[in-house]
Protein chains: 2
Amino acid sequence: MAYSIAEAARRSGLSIDTLRYYERIKLLDPPARDSAGRRAYSETDLAWLQFLTKLRTTGMPIRRMREYATLRRRGAATAGRRRAILVEQRRSVAERIAELQSCLDVLDYKITNYERLEHGHAAGIQEASA
Amino acid sequence: MAYSIAEAARRSGLSIDTLRYYERIKLLDPPARDSAGRRAYSETDLAWLQFLTKLRTTGMPIRRMREYATLRRRGAATAGRRRAILVEQRRSVAERIAELQSCLDVLDYKITNYERLEHGHAAGIQEASA
DNA sequence: CTACGACCTGGAGCGCGCTCCAGGTCAACA
DNA sequence: TGTTGACCTGGAGCGCGCTCCAGGTCGTAG
């Protein structure tokens, strides 16, 4: 089963332009072409794309994703280095989650304060940095 | 107590350039100046700055932080709208955390797979999209 | 046969959030 | 008195990750 670029875009949630862009910067191996020279993405292409978007979602910079893609192209011998990249990324995601969680606490605190203000219990003091 | 721009930068974790930039784009009210015309940040300025950096950490775009800053400048009457912004941001942070958590699961899965590969239990199948 | 729409290429442009630079002022210190 | 160093201003530049554009080629539908 092969997918047109429009279909691949729809399925991956990326834009057509982004798909071509990813190919240009070597994140994506050039997909097959149909008889008219149009891109024909395979299931494997889509699976890889899906993984890439996961990495992007975690905030991995494209430069690093390229590094990973390059290693992947070189085969099984690079598995250790690829794993190391993922382990590092896992660390950074966990850290980021913790950071966001702490911001969430600040937001909750502020929101609670606003609610107190609006219910007439004019606290006042917090308003300075509100 | 007043702080030089260098000191304010150190305490906020932002660069000196970023502090001036934030002032320029009206995120920050112009701080007091000393006799020589140099910026002199107050405790209040620093507290606001600290809150701003929290918002930035949550990924709030500067455009939206400006909106918040503008409302804040207009005083108590805008409290409801400020609260609404924070509530929306809380929602978006919670969503982001969930998203990251799900990516974390994918990373864990992949990493486990790599570890299996390296321990000789050649699974093979996963290598296609690894 | 033509006209449409999806696709192609190479390259320019954009929005964001800073970051850096040139050229200048000022106060303190040797 | 002269030099240093922190600070000032307005404005240009940058890295990132796309996004858009012009101009062209196909293949199907009317």
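Provided above is the structure to which this section pertains.
As a starting point, this report considers the structure included with it.

About the criteria used
- Throughout this description, residue numbers start from 1 for each chain and increase along the sequence as written.
- Written order decides the labels, with chains lettered from A and ligands numbered from 1.
- The predicted origin of the model limits local features to residues at a pLDDT of at least 70 and limits the giving and counting of side-chain atom pairs to 80 or more, whereas totals for whole chains, interfaces and linings rest on all residues.
- As a convention, hydrogens and water are excluded, and side-chain values are obtained from all of the structure's heavy atoms.
- Being near a molecule or strand, for a residue, comes down to having at least one heavy atom within 4 Å of it.
- For this analysis, a polar contact is any N or O atom pair within 3.5 Å, provided that within protein one partner can donate a hydrogen and the other can accept it, and provided that sequence-adjacent residues contribute only side-chain to side-chain pairs.
- Every helix listed is a DSSP run of H or I at least four residues long, and every strand listed is a run of E at least two residues long, numbered separately from the N terminus.
- For this scheme, ten residues count as nonpolar: Ala, Val, Leu, Ile, Met, Phe, Trp, Tyr, Cys and Pro. Four count as charged, namely Asp, Glu, Lys and Arg, and the remainder, Gly too, count as polar.
- Burial classes: relative accessible area under 20% of the type maximum marks a residue as buried, over 50% as exposed, and values in between as partly exposed (1.4 Å probe, protein chains only).
- Note on definitions: a residue-residue contact is assigned when non-hydrogen atoms from the two residues lie within 4.5 Å.

### Looking at the protein's contact with DNA strand D
What surrounds DNA strand D is a group of 21 residues, the closest being A:Y22, B:R20, B:R24, B:R33 and B:R39. For DNA strand D, the backbone portion of the atoms within 4 Å of the protein, that is sugar and phosphate, comes to 73%. Between DNA strand D and the protein, one listed contact pairs a base nitrogen with a side-chain N or O atom of B:R24 at 3.0 Å. B:R33 places a side-chain nitrogen or oxygen 3.0 Å from a phosphate oxygen of DNA strand D. Tallying contributions element by element places helix α2 (residues 16–24) of chain A first for the surface near DNA strand D, with five residues. For the surface near DNA strand D, a count of residues per class yields seven nonpolar, four polar and ten charged.

### Some words on the protein's contact with DNA strand C
Taken together, 21 residues are adjacent to DNA strand C, and A:R20, A:R24, A:R33, A:R39 and B:Y22 come closest. Taken together, the sugar and phosphate atoms account for 73% of what DNA strand C places within 4 Å of the protein. Within the side chain of B:Y22, one N or O atom sits 2.8 Å away from a phosphate oxygen of DNA strand C. Here a phosphate oxygen of DNA strand C sits 3.1 Å away from a polar atom, N or O, in the side chain of B:R56. Of all the secondary-structure elements, those providing two or more residues to the surface near DNA strand C are α1 (5–12) and α2 of chain A together with α2 (16–24) and α4 (62–73) of chain B. Per-element accounting of the surface near DNA strand C gives the leading share, five residues, to α2(B). Residue composition of the surface near DNA strand C, by class: seven nonpolar, four polar and ten charged.

### Section: the side chain of A:T78
All names here are of chain A. Structurally, T78 is set in the loop between α4 (62–73) and α5 (79–118). We classify T78 as buried; its relative accessible area is 4%. In this structure the side chain of T78 is engaged in a polar contact, spanning 2.8 Å, whose partner is the backbone oxygen of G75. Not counting the four nearest positions on each side in its chain, T78 is found in contact with L71 and R72.

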